Amino acid sequence: MRSRSDEADQFWQPLLADQPAGRRQVSRQAFAGLLSSKQFYAYDLRRWLQGDPGQPAPPASRWSGRNSSWQHLVSSDLILMPDPWEYPWFAAWDLAFHCVAMASVDPEFAKQQLLLLLHEWYQHPDGQLPAYEWRFGDVNPPVQAWAARQIFLIDGERDTVFLERAIHKLLINFTWWVNRKDDLGNNLFEGGFLGLDNIGPFDRSQPLPGDAVLEQSDGTAWMAMFCLDMLNISVALSDSDHTYDDVATKFLEHFCYIATAANDLGLWDEEANFYFDQIRSPDGENRPVPVKSAVGLIPIIAVTRLTNEVLDAMPQLADRLEWYRLNRPEFADAVHFDSVGHRGLLAVCDPDRLITVLRTMLDTSEFLSPYGLRSLSADHGPHPATISIDGQTFSVNYEPAESQTAMFGGNSNWRGPIWFPINALLISALRRYGAYCGDALMVDYPTGSGHRLSLDQVADKLTDRLMSMFLPSADGQRPCQAGLPWQDDIFFHEYVHADTGFGLGASHQTGWTALIASMALGWPR
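Let me begin by describing the structure that accompanies this report. Predicted model, so just to flag it, every value in this text is computed and none were measured. (Residues numbered from 1 in each chain as written. Predicted model: local features only at pLDDT ≥ 70, side-chain atom pairs only at ≥ 80, totals over all residues. Heavy atoms only, no water.)

1. Thoughts on the packing of aromatic side chains
Using the criterion set out here, one finds 33 aromatic pairs in the structure. Plain terms: the ring middles of Y41 and F90 are 5.5 Å apart, the flat faces sit at 80 degrees to each other, and that makes the pair edge-to-face. Of this pair, Y41 sits in strand β1 (residues 38-44) while F90 sits in the loop between β2 (74-80) and α4 (92-102); the two residues are 49 residues apart in sequence, bridging distant segments of the chain. For the pair Y41 and F90, one class covers both residues: buried. With a centroid separation of 5.0 Å and 85 degrees between ring planes, the pair formed by Y257 and F331 is classed as edge-to-face. One end of the pair, Y257, is in helix α9 (residues 244-264); the other, F331, is in helix α13 (residues 329-332), with 74 residues separating them in the sequence. The exposure class assigned to F331 is partly exposed, which follows from its relative accessible area of 23%. In this structure, K250 packs its charged tip against the face of F251, placed 5.2 Å from the ring centre. (Phe/Tyr/Trp six-rings, centres within 6.5 Å; stacked < 30°, edge-to-face > 60°. Helix = DSSP H or I, 4+ residues; strand = E, 2+ residues; numbered from the N terminus. Buried < 20%, exposed > 50% of the residue type's maximum accessible area, 1.4 Å probe, protein only. Lys NZ or Arg CZ within 6 Å of the ring centre and 35° of its normal.)

Okay, structure coming up:
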């Protein structure tokens, strides 16, 4: 046992050597918990429909019930679980975050896991990825392209074969999204709850009264980010195969369409300086869903740099971009250049608009908690958000801990608590904005404090807040498990009380909370 312990110390030492002792302990336990989340998962869908041989046949209704249209799916794999005790099955967007965290420890396993759901025995023939066991046909955010690129970067930007395997299947998935989740064909996307469960005043997965359509700020932003990650993957692959120049150009154009729609067709509220979902009625009238939530912050994550080096190496892409600037300036507004025309930025939320969104995001009375960013503005505590649709009234209020509503069973709460995946994506986005803007863009941190920081410094401060929930306070108690008899064995909960940092939800090892270890190492980027 001593030998095995010494070997473990030798394994972790080079990866975590630069971190202070307290953070090193947190990171090591986060990674170790993630490694222990591997579990065998077997599910032959057709056999489940037919029932076990020699046993009574399942009810005939099973053939038209949940998952019945996924008869191609046969799983017999080792998979990283969201939580091997409480959620012992795969979840598509959870798994993508697990893979990014895993890439710093075991990049080959991370690649295998990321590609797993893209195999033909998981991915539906129409291109959709299975969401999770309960209902494969539900829709999770399309974060697989983002994860593939992050894994590629973490692994030293060497494995282009991995990127090629990913992009071919992701092209099919992207097409499914465009064909199925843009109801009006206007580049504003739907998708239902999109993993955020009860974040709004009503269930976003259910039809709205009066046949209205919910056009989603987060759904649209996820698709804009999908475009940018596919663009970046294409750029990486074009170094050795210029046929990917065409793919890069396609995603540049599609990003411009989506970003323009997000800003011009009602998701951006000029008075509130925030992005909202909007309800579009059959007569064409649209109005916002006035809830300040993560839904309005997610547009920030759709951002990347388009450097002169890339444009010089890809003249076809550069030519198309120039054509857009001259002939389609209304779409080219999504492309930003500094005062001398260098270092292009592709962003849904341009730097000027970003400043106004950050005033809300970094306000301690709104999103900024002592332990990270809330999923719903605390302002909705004293001021619940209310909306009436076709004579029915819906409302939502800030809840820092467990949900008080029965929506989604009351066991998952996006009405205030801190969730690591969204925090990690927002911190990563701030670093990309910071790489473009530098010290030319400074913001109050926190809002109203007069303490001015660059965006990269803000990203550091937010990472520190997230880490602080796992570190002992002056009384020796870790906020994430304050008052519990164990303090040295750290739990990485599903989500976190927004005001105290106390862990909530699944408690044993929720894989995406292991992102704290990645963030301590400077990932994702």
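Moving on, there is more to tell.
2. What about helix α15 (residues 420-437)?
Taking 1.5 Å of rise per residue, the 18 residues of α15 would be expected to cover 26 Å, and the 25 Å separating its terminal C-alpha atoms lies within 8% of that figure. With 16 of its 18 residues buried, α15 lies for the most part within the structure. At the exit of α15 stands G438, carrying a positive phi of roughly 60 degrees. (Expected span 1.5 Å × (residues − 1).)

3. Brief notes about the sheet that holds strand β7 (residues 286-288)
The strand order β3-β6-β7 describes an open sheet built from three strands, whose pairing is antiparallel. Each of the sheet's edge strands pairs with one partner strand only, and the pair in question is β3 (213-215) and β7. Averaged over all pairs of adjacent strands, the angle between their axes in this sheet comes to 25 degrees, without regard to strand direction. Pairing of strand β6 (residues 278-280) with β7, which is carried by three bridges, proceeds in the antiparallel orientation. Residue pairing for β7: I279 is matched across the bridge by R287. (Pairing = 2+ DSSP bridges. Axes fitted to C-alpha atoms, helices over the stretch in contact; angles between N-to-C directions.)

4. Here's the deal with the environment of T447
With respect to the helices and strands, the residue T447 is situated in the loop between β15 (442-444) and β16 (452-454). Separated by 89 residues in the primary sequence, T447 and L358 place their C-alpha atoms 8.2 Å from one another.

5. Some words on α9
With 21 residues, α9 should cover 30 Å at 1.5 Å per step; its first-to-last C-alpha distance of 30 Å lies within 8% of that length. In terms of burial, α9 is a largely internal element, 17 of the 21 residues being buried. Of the residues flanking the end of α9, it is G266, one or two places downstream, whose phi is positive at about 115 degrees.

6. Quick look at the nonpolar core
Formed by 176 residues in total, the largest nonpolar core has its most connected members in W222, F255, I300, M361 and I516. Sort the elements by how many residues they give to this core and helix α8 (residues 217-238) lands first, with 13 residues. Ignoring sequence-local partners within four residues, the contact set of M361 consists of L297, I300, F367, L368, L373, L426, L430 and L462. (Core = buried A, V, L, I, M, F, W, Y, C linked by side-chain atoms within 4.5 Å. Contact = heavy atoms within 4.5 Å.)

7. A short note on the environment of D9
Along the chain, D9 turns up in helix α1 (residues 2-16). You can call D9 partly exposed: its relative accessible area is 38%. Residues D9 and P107, 98 residues apart in the sequence, show an inter-C-alpha distance of 19 Å.

8. Quick word on the packing of helix α2 (residues 21-35) against α4
At a minimum axis distance of 10 Å, the contact between α2 and α4 shows a crossing angle of 125 degrees. With respect to each other, α2 and α4 are oriented oblique. Along this stretch, α2 crosses α4, giving a crossing that reads as left-handed. In this structure, α2 contributes F31, L34 and L35 to the contact, and α4 contributes H98, A101 and M102. Per-class residue counts for the contact of α2 with α4 are five nonpolar, one polar and no charged. (Parallel < 35°, antiparallel > 145°, perpendicular 65-115°, else oblique. Left-handed = near helix turned anticlockwise from the far one by under 90°. Nonpolar A, V, L, I, M, F, W, Y, C, P; charged D, E, K, R; others polar.)

9. Digging into the pairing of strand β10 (residues 344-347)
A two-sided burial pattern is seen for β10, the buried positions comprising G344 and L346 on one face and L345 and A347 on the other. Of the pairings in the sheet, the one linking strand β8 (residues 303-306) to β10 comprises four bridges and is antiparallel in character. Across the sheet, residue V303 finds its bridge partner in β10, namely A347. In the sheet, strand β9 (residues 335-336) pairs with β10 via two bridges, with the strands oriented antiparallel.

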